[in-house]
Number of protein chains: 2
Amino acid sequence: MIVQELQYPIVQAPMAGGPSTPELAAAVSEAGGLGFVAAGYRKADDLRAEIAAVRQATSRPFGVNLFVPSDDTIDEEVVRGYVERLGPLAGRPRWDDDDWQAKLALLREEPVPIVSFTFGCPPHDLVHELRGAGSEVWVTVSSAAEAHEAGHAGAQALIVQGVEAGGHQGTWQDGDDVERLGLLALLRLVAAVTDLPLIAAGGIADGAAVGAVLVAGAAAAQIGTALMLAHEAGTHPAHRAALAGDGATALTRAFTGRTARGIVNRFMVEHRDAPPGYPHVHYATAPMRAEARQRDDPDGFNLWAGQAHKLAQEGPAAEIVRRLAEDARAAVRKAAERLGDHNVPEQPL
Amino acid sequence: MIVQELQYPIVQAPMAGGPSTPELAAAVSEAGGLGFVAAGYRKADDLRAEIAAVRQATSRPFGVNLFVPSDDTIDEEVVRGYVERLGPLAGRPRWDDDDWQAKLALLREEPVPIVSFTFGCPPHDLVHELRGAGSEVWVTVSSAAEAHEAGHAGAQALIVQGVEAGGHQGTWQDGDDVERLGLLALLRLVAAVTDLPLIAAGGIADGAAVGAVLVAGAAAAQIGTALMLAHEAGTHPAHRAALAGDGATALTRAFTGRTARGIVNRFMVEHRDAPPGYPHVHYATAPMRAEARQRDDPDGFNLWAGQAHKLAQEGPAAEIVRRLAEDARAAVRKAAERLGDHNVPEQPL
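For clarity, every value in this text was computed on a predicted model and none was experimentally measured.

A. Structural view of the overall build of chain A. Each helix and strand in chain A was counted, giving 13 helices and 11 strands. For the C-alpha atoms alone, the extent of chain A along its principal axes is close to 65 × 45 × 40 Å. Across the 349 residues that make up chain A, the buried fraction comes to 59%. Relative to all contacts within chain A whose residues are 6 or more apart in sequence, the contacts with residues 24 or more apart total 69%.

B. Quick look at the interface of chain B and chain A. Of the residues lining the interface, 50 residues belong to chain B; the matching set on chain A comes to 50 residues. Tallying contributions element by element places helix α13 (residues 317-338) of chain B first for the side of chain B that touches chain A, with 8 residues.

C. Layout of the sheet that holds strand β6 (residues 157-161) of chain A. Residue and element names in this part refer to chain A. Strand order in this open sheet of 8 strands is β1-β9-β8-β6-β5-β4-β3-β2, and the pairing throughout is parallel. Lying at the two open borders of the sheet, with one neighbouring strand each, are β1 (10-12) and β2 (35-38). Ignoring strand direction, the axes of neighbouring strands in this sheet form an average angle of 25 degrees. Across the sheet, helix α3 (residues 44-57) is in contact with β2 and β3 (62-67); its angle to β2 comes to roughly 160 degrees.

D. The arrangement of the relation of the copies chain B and chain A in detail. For the match of chain B to chain A, the screw axis carries a shift of 0.0 Å, the RMSD comes to 0.0 Å, and the turn is 180 degrees. Expressed as an axis order, the relation between the two copies is that of a two-fold axis. The C-alpha atom lying nearest the rotation axis in chain B is that of B:Ala212; the distance is 2.1 Å. A high fraction, 100%, of the interface residues of chain B reappear at the interface in chain A, so the copies pair face to face through one surface.

E. Local environment of the environment of A:Ser70. All names here are of chain A. The topology assignment puts serine 70 in the loop between β3 and α4 (76-86). Taking the C-beta count within 10 Å as the criterion, serine 70 has 22 such neighbours and is therefore assigned buried. Remark: the alpha-carbon pair of serine 70 and glutamate 109, spanning 39 residues in sequence, is separated by 24 Å. Each residue touching serine 70, except ones within four places of it in the same chain, is listed here: Phe119, Tyr278 and Pro279.

F. Quick look at unusual backbone geometry. Residues and elements named next belong to chain A. The omega torsion across tyrosine 278 and proline 279 is 5 degrees, close enough to zero to call that bond cis. By secondary structure assignment, the location of proline 279 is in the loop between α11 (266-270) and α12 (280-294). Of note in this structure, aspartate 296 is not a glycine but carries a positive phi near 55 degrees. Residue aspartate 296 is classed as partly exposed on the basis of its 13 C-beta neighbours within 10 Å.

G. Expanded view of helix α2 (residues 22-30) of chain B. Residues and elements named next belong to chain B. Counted residue by residue, α2 has 7 buried out of 9 residues, so it is predominantly covered. Every buried residue belonging to α2 is among Pro22, Leu24, Ala25, Ala26, Ala27, Val28 and Ser29, and all of these are buried. Summarising the contacts, the buried residues of α2 are in contact with β1 (10-12), β2 (35-38), α3 (44-57), β3 (62-67) and α13. Of the residues one or two after α2, glycine 32 is the one with positive phi, at around 110 degrees.

H. Region of the structure containing the pairing of strand β6 (residues 157-161) of chain B. All names here are of chain B. Burial runs high along β6: 5 of the 5 residues are buried. Both faces of β6 are covered, namely the face carrying Ala157, Ile159 and Gln161 and the face carrying Leu158 and Val160. Summarising the sheet, strand β5 (residues 136-141) and β6 pair through 4 bridges and their orientation is parallel. Each residue of the ladder has a partner; that of tryptophan 138, found in β6, is alanine 157. A crossover connection joins β5 to the parallel β6 through helix α7 (residues 144-153); in handedness this β-α-β unit is right-handed. Here β6 pairs with strand β8 (residues 198-201) via 4 bridges, running parallel.

I. Structural detail: the confidence of the model for chain A. With 97% of its residues at a pLDDT of 70 or more, chain A has an overall mean of 96. The ipTM, which scores confidence in the relative placement of chains, is 0.96 for this predicted complex, and the corresponding pTM is 0.97.

J. Looking closely at the packing of helix α2 (residues 22-30) of chain A against α3(A). Residue and element names in this part refer to chain A. At a minimum axis separation of 9 Å, α2 and α3 run at an interaxial angle of 35 degrees. Crossing of α2 over α3 shows right-handed handedness. Each of Pro22, Glu23, Ala25 and Ala26 in α2 lies in contact with α3, whose residues at this interface are Glu50, Ala53, Val54 and Ala57. The class makeup of the residues in the contact of α2 with α3 is 6 nonpolar, no polar and 2 charged.

About the cut-offs
Residues numbered from 1 in each chain as written. Chains lettered and ligands numbered in written order. Predicted model: local features only at pLDDT ≥ 70, side-chain atom pairs only at ≥ 80, totals over all residues. Helix = DSSP H or I, 4+ residues; strand = E, 2+ residues; numbered from the N terminus. Buried ≥ 20, exposed ≤ 12 C-beta atoms within 10 Å, placed from the backbone. Contact = placed C-beta atoms within 7 Å. Pairing = 2+ DSSP bridges. Axes fitted to C-alpha atoms, helices over the stretch in contact; angles between N-to-C directions. Least-squares fit on C-alpha atoms with pLDDT ≥ 70 in both. Right-handed = clockwise from strand over helix to strand, strands pointing away. pLDDT = per-residue confidence, 0-100. Left-handed = near helix turned anticlockwise from the far one by under 90°. Nonpolar A, V, L, I, M, F, W, Y, C, P; charged D, E, K, R; others polar.

The following block contains the structure:
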């Protein structure tokens, strides 16, 4: 398994909608971590070009993350009411499958080292088709029950995402009654039901947190927000400025109709009543968000951020990856000493 | 500081309302951890007796935890409406200070090794009075801002409580807009603003999680739910049975008017609309909860539980404490190896 053989146990989170770039993915893989291409919101042809760009820049393994199309039942009247309240700049709400079949065809034809899935579990046959084509298949889970089911579907590793995570929550269902688990509790509950390698995600923004999730049973830490200030990231300048501040984050459906975590801004506060309705609401708000980005208005678009965003640091991605790994090692050594292991040697990584 | 000199970095969480007993506190301290007396909901005379019982059973250090009286503004009409909906078994809603002054007088007169505070920050003068009397003073925090303020008030250590925690959330304010942070992100955010020793709390139910919070910068882990099945705990049998199951937990104000985490049951589902109003609502539901306990009805009283409750194990408290510490050490060693530290020796704790 690739994740167990990485020089540094650091996986870049796929961050659809801007921050993820081929340069970022390649830089993380080249540095000894694992880069990811965010296929969400992309057409298959764009994905093909992005994969080619990563391959151009690195010969090391990388992953591609797909959104599993939603089959949630949407209350279309409620969604229509919300879109009307958004005003005249709103786009037309609609469902689509995010070019699902075309992207899968591409990945069957030109397999990548790892394919991961978010928002649900791909069917058993698809998982085995991709595995047969030479990819490792990872599935994002947020509960022990989802972990169990993903294992049955043939997943070879699990991205275990806690409630601290920025951007969309990966829960397969998005109801108000879903128990949203803190990462540490979630990791231990999942580790109790599966032997698959776990990739911990959610609010991990420094090396001590990376070390902590390894101790809690993860094979690697997946880092999103803490790479959003990387030079290679495509993060909008107004978003970068917000990440460096200490604004509170909250969960919201205002931007996409699916629960996601962002830094609280005016759009979120004014649209607390946003109903479930993904991807319909995503398409309705897309032109409004594009326009706000154009105006550099951080109150008008989604400032996705994990709960520890204030700890994110600027720099080249390779430097961030190495620092996280080195700080993780130092933190683990210190804890070993506290627990009576006084002879952990100082070795170069 | 006591917390840094414990044989095992394991602190028992004070669990007011039943689970905490002098036997449990003494057993944890005797085992090499740190036991706690839960002074909440107790009269000063009962607290005096409980402290005496712990001192009878152990000469090792222990702590006493106090609820800081609420000065929240309560909408009394809204609370009255809620209590009416509770029906004829409800008690009279009222405010009190939980015998605050009498308990403080007791602790000044007969100092204990550690006094901790929940639900707010005691004033600077009080902190220094208790310190002058020979106690170490700890304050529970749930954000970097609270940590900063507690440090200014003279706290010598901080209990850092994540959203995963069972029972009452220790946040100083209980509004719907409070950002509730996952433990790992919270620990790192707090560690960035203070050098005080941190005691990590919230959803820590096994040794790997204990190891993880030490790596994340904690001096010790505070364990609540994972001690609720201990032989010495006063946990109700119906509550014990629920803890061993895999019922989801949720945050609720239904039982006390203050946000707390419990295993979802009928009372919680039927009273999603419970308003803020602590301790008024606590007094209103108290007779109803007592009656449900009497009938062994787990749907009628508060099944406080952290998010990882399914991992709690039965046994003598001393055995639980030792297992947590040993498993923590093994988990830290494994992570050190993954990070390239291959020479962590196998030493007895």
